[in-house]
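Residues per chain are reported as follows:
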Amino acid sequence: MEHKYEKYCHNCGAVIDKMAEICPKCGVRQPINQVPPPVVSMNLNPHWLITVLLCGFLGVFGAHRFYNEHYGTAVLQLLTGGGLGIWYIIDFIMIITGNFRDKNGNYIKMN
Ligand SMILES: [Zn+2]
């Protein structure tokens, strides 16, 4: 059980103020309050994530361009093996850096 403004004494288990440095009951100094580790919240844009994954795994087939409905260049990539393996790498970097556009011409951002 974790109370919002209370904690249990490290030594005797008495309920004491959360900010207390020394237990009023047994007089034992409390360990320094541990700061909880920062929660890594990326809030990734799922559209961006899918585009990254498609490009990373199926980029040689132009999958990320099909997904974003760039059909002309998608077919071109499909026929050329992702632009001889260079073009899709460039696309991948563009996607990672947020410079790849969706079907509406808007940049696809990471979050
Ligand atoms: Zn105590």
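Refer to the preceding data block for the structure.
Please read all numbers here as calculations on a predicted model, not as lab measurements.

## A few points about the pattern of salt bridges
- If you walk through the whole model with that rule in mind, you get three salt bridges.
- With a closest N to O distance of 3.4 Å, Lys-103 and Glu-69 form a salt bridge. Taken as a pair, Lys-103 in the segment after helix H4 (87-96) and Glu-69 in the loop between helix H2 (63-67) and helix H3 (71-84) lie far apart in primary sequence, 34 residues in all.
- Classification of Lys-103 by relative accessible area gives exposed; the value is 51%.

## Overview of the environment of Phe-66
- Here Phe-66 shows up in helix H2.
- Along the chain, Phe-66 and Thr-51 lie 15 residues apart, while their C-alpha atoms are 9.8 Å from each other.
- If we skip the residues at most four places from it in the chain, Phe-66 touches Phe-61, Tyr-71, Ala-74, Val-75 and Leu-78.

## Examining the coordination of the zinc ion
- At 2.2 to 2.3 Å from the zinc ion lie its protein donor atoms, namely Cys-9 (SG), Cys-12 (SG), Cys-23 (SG) and Cys-26 (SG).
- Around the zinc ion sit four donor atoms, and with donor-metal-donor angles ranging over 102 to 118 degrees the site reads as tetrahedral.
- Given the relative accessible area of 6%, Cys-9 is considered buried.

## Considerations on the nonpolar core
- Membership of the largest hydrophobic core is limited to seven residues, which are Trp-48, Val-52, Cys-55, Tyr-88, Ile-95, Phe-100 and Ile-108.
- Put simply, the parts of the chain that give this core at least two residues each are helix H1 (46-58) and H4.
- The biggest single contributor to this core is H1, with three residues.
- Apart from residues no more than four positions distant in its own chain, Ile-95 is found in contact with Trp-48, Thr-51, Val-52, Cys-55, His-64, Phe-100 and Ile-108.
- If you look at the next biggest cluster of nonpolar residues, it comprises five residues, including Cys-9, Ala-14, Ile-16 and Ala-20.

## Quick look at the side chain of Asp-91
- By the secondary structure assignment, Asp-91 is in helix H4.
- Note on Asp-91: relative accessible area 3%, which makes it buried.
- At a separation of 2.7 Å, a polar atom in the side chain of Asp-91 contacts the side chain of Arg-65.
- In contact with Asp-91, not counting residues within four places along its chain, are Cys-55, His-64, Arg-65, Gln-77 and Phe-100.

Cut-off values and rules
- Residues numbered from 1 in each chain as written.
- Predicted model: local features only at pLDDT ≥ 70, side-chain atom pairs only at ≥ 80, totals over all residues.
- Heavy atoms only, no water.
- Salt bridge = Lys/Arg side-chain N within 4 Å of Asp/Glu carboxyl O.
- Helix = DSSP H or I, 4+ residues; strand = E, 2+ residues; numbered from the N terminus.
- Buried < 20%, exposed > 50% of the residue type's maximum accessible area, 1.4 Å probe, protein only.
- Contact = heavy atoms within 4.5 Å.
- Donors = N, O, S within 2.8 Å, 3.2 Å for Na, K, Ca; no water.
- Tetrahedral: all angles 85-135°; square planar, octahedral: opposite > 155°, others 65-115°.
- Core = buried A, V, L, I, M, F, W, Y, C linked by side-chain atoms within 4.5 Å.
- Polar contact = N/O pair within 3.5 Å; in protein donor to acceptor, adjacent residues only side chain to side chain.

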